[in-house]
Amino acid sequence: MLGLLVAIAAVLALRATAWFTGPLAFAFFVALAVWPIDAAIGARLPRGLRWLGHLAAMLVILLVFAAFLIGISYAGQRLAIGLPEHREALVALLERLAAFVERLGLPIDSLRNVVSADRLIEPAVGFLSWLANAVWQTAGVLTLALFLILFMLVEAPVLRRKVAAVTTRRGSVDCRHVLVDVAGRVRRYLLVRAFLGLLTGILYAAWAWWWDLPFVIVMGTLAFLLNFIPTVGSIIAGAVPMAVAVLRLDPASAAIVAGGVLVIEQVLGNYVDPRLLGRQMSLSGLVVLVALMFWTWVWGLIGALLAVPMTLLIMVVAAHVPALRPIALFLSDAPDIDELRRNSLRAPGE
């Protein structure tokens with residue numbers, strides 16, 4: 001009971017301090033991801049020039065952040081500008097839907113009063129415009145994260161020695177092993193997500209181009225960027241080409257487009273993704289979905305991006321503590337403790 005109360009208090013504290021703890025966690029995982037760049041360059045330079053490793057790592061982070069912000073802003077603005085141009089197509093679609101409902105003998109007048117093209121387009125355009133502006137308003141949060149990342153990279157060698165000093169006691173958890181394990185898993189997760197996002201974006205854009213649909217670049221951009229948000233991101237990215245196909249094509253062609261999108265998602269999500277990640281992630285699919293909702297509630301958009309890395313961190317730490325291994329087992333997709341030990345307690349680089 002005491003442990004449960006402490007856990008609840010910790011979660012509420014994280015949510016109340018989301019303005020700081022969210023960027024701090026974000027900075028921690030980004031620092032883990034770019035640490036090999038910093039270390040590789042620093043190891044090849046004299047002691048007085050090792051700061052160039054920090055500079056190179058920060059430049060990579062800045063380029064990634066800039067690409068993300070520009071991509072989301074571009075997609076939101078293009079959709080906000082292009083949606084009103086499809087008003088007539090939406091009106092025709094709603095009329096067909098109303099005729100179908102009327103043939104079923106259902107009351108249609110109240111539906112027409114509630115659902116109209118303007119009622120659908122105006123809120124959507126307003127939301128997309130807000131999203132494009134809100135993305136740039138996160139620059140302050142990213143600035144704080146950048147400073148945290150820089151100090152983490154600078155302090156990393158000293159921190160490693162401190163961790164080594166703390167974990168040399170007999171019977172203590174090897175924090176260095178845990179950190180290296182988590183870092184390796186997070187890096188592999190991010191690389192796979194980036195590769196799958198790029199592949200999904202190319203396939204979406206090619207499929208939309210084949211059917212002469214608008215917003216081809218927007219579809220590819222959203223598919224790539226939203227791929228870093230598990231489950232929900234794929235649903236949103238797939239809904240965009242389906243919605244555009246419904247507006248621009250006849251029902252049969254729109255159904256084929258939707259079928260193609262589903263095939264792309266199923267092949268990449270159920271075949272390519274598991275084989276690229278292998279058993280090294282070993283997170284249950286249900287746990288990933290619950291973690292997405294939970295961390296989004298705690299930290300908002302940052303929580304959605306960090307849902308899988310945070311869950312990986314908790315699972316690996318719990319797997320290295322014998323008393324907490326049941327928690328790690330329920331978070332993973334392993335059927336028993338022995339399988340969990342083989343997947344989560346391997347030596348770094350194994």
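Up top is the structure.
Please read all numbers here as calculations on a predicted model, not as lab measurements.

Caption draft 1: How the structure looks around the side chain of Thr200. Along the chain, the position of Thr200 falls in helix α8 (residues 175-210). For Thr200, a relative accessible area of 5% gives the class buried. In this structure the side chain of Thr200 is engaged in a polar contact, spanning 2.7 Å, whose partner is the backbone oxygen of Leu196. Once residues within four sequence positions are removed from consideration, Thr200 is found in contact with Ala223, Glu265 and Leu268.

Caption draft 2: Structural context of the environment of Trp295. Turning to its location among the elements, Trp295 is positioned in helix α12 (residues 285-299). C-alpha of Trp295 to C-alpha of Arg15: the two residues are 280 residues apart in sequence and 9.2 Å apart in space.

Caption draft 3: Representation of the nonpolar core in the model. Among the nonpolar cores identified, the biggest contains 70 residues, and Phe26, Ile61, Ile149, Leu213 and Leu306 are the most heavily contacted of them. The dominant element in this core, judged by the number of residues it contributes, is helix α13 (residues 301-320), at 11 residues. Residues within four places of Phe26 in sequence aside, it is in contact with Phe65, Leu142, Ala145, Ile302 and Leu306.

Caption draft 4: The environment of Ile37, seen in detail. Counting through the fold element by element, Ile37 comes out in helix α2 (residues 18-43). With relative accessibility at 32%, the residue Ile37 sits in the partly exposed group. For the pair formed by Ile37 and Leu55, sequence separation is 18 residues and the distance between their alpha carbons is 10.0 Å.

Caption draft 5: Molecular detail of the packing of aromatic side chains. Going through the model one piece at a time under the given rule, you end up with 8 aromatic pairs. With centroids separated by 5.2 Å and ring planes inclined at 70°, the aromatic side chains of Phe28 and Phe29 adopt a geometry described as edge-to-face. A centroid spacing of 5.0 Å and a plane angle of 35° characterise the contact between Trp295 and Trp299, whose relative ring orientation is tilted. Of this pair, Trp295 and Trp299 both sit in helix α12, 4 residues apart, which is roughly one turn of the helix. The pair formed by Trp295 and Trp299 is uniform in burial state, with each residue classed as buried.

Caption draft 6: Just unusual backbone geometry, in detail. One non-glycine residue, Asp212, adopts positive backbone phi at about 55°. Tracing the sequence through the fold places Asp212 in the loop between α8 and α9 (216-226). Residue classification places Asp212 among the exposed positions, given a relative accessible area of 62%. Located in the positive-phi region is Phe215, a residue other than glycine, with phi close to 60°.

Caption draft 7: Quick peek at the packing of helix α1 (residues 2-16) against α12. Between α1 and α12, the shortest axis-to-axis distance is 7 Å and the interhelical angle comes to 55°. Considering their axes alone, α1 and α12 lie oblique with respect to each other. Contact residues: α1 offers Val11, Leu12, Leu14 and Arg15, while α12 offers Phe294, Trp295, Trp297, Val298 and Trp299.

Caption draft 8: Broad picture of α2. With 26 residues, α2 extends 36 Å between its outermost C-alpha atoms, agreeing within 8% with the 38 Å of an ideal straight helix rising 1.5 Å per residue. Maximal helix bending in α2 amounts to about 50°, located at Val34; proline Pro36 follows within four positions.

Caption draft 9: Seen up close, helix α10 (residues 232-248). For α10, with 17 residues, the first-to-last C-alpha span of 25 Å sits near the 24 Å given by 1.5 Å per residue. All of the buried residues in α10 are Gly233, Ala237, Gly238, Val240, Pro241, Val244 and Ala245.

What counts and what doesn't
- Residues numbered from 1 in each chain as written.
- Predicted model: local features only at pLDDT ≥ 70, side-chain atom pairs only at ≥ 80, totals over all residues.
- Heavy atoms only, no water.
- Helix = DSSP H or I, 4+ residues; strand = E, 2+ residues; numbered from the N terminus.
- Buried < 20%, exposed > 50% of the residue type's maximum accessible area, 1.4 Å probe, protein only.
- Polar contact = N/O pair within 3.5 Å; in protein donor to acceptor, adjacent residues only side chain to side chain.
- Contact = heavy atoms within 4.5 Å.
- Core = buried A, V, L, I, M, F, W, Y, C linked by side-chain atoms within 4.5 Å.
- Phe/Tyr/Trp six-rings, centres within 6.5 Å; stacked < 30°, edge-to-face > 60°.
- Axes fitted to C-alpha atoms, helices over the stretch in contact; angles between N-to-C directions.
- Parallel < 35°, antiparallel > 145°, perpendicular 65-115°, else oblique.
- Expected span 1.5 Å × (residues − 1).
- Bend = angle between axes of the 7 residues up to and from the residue.

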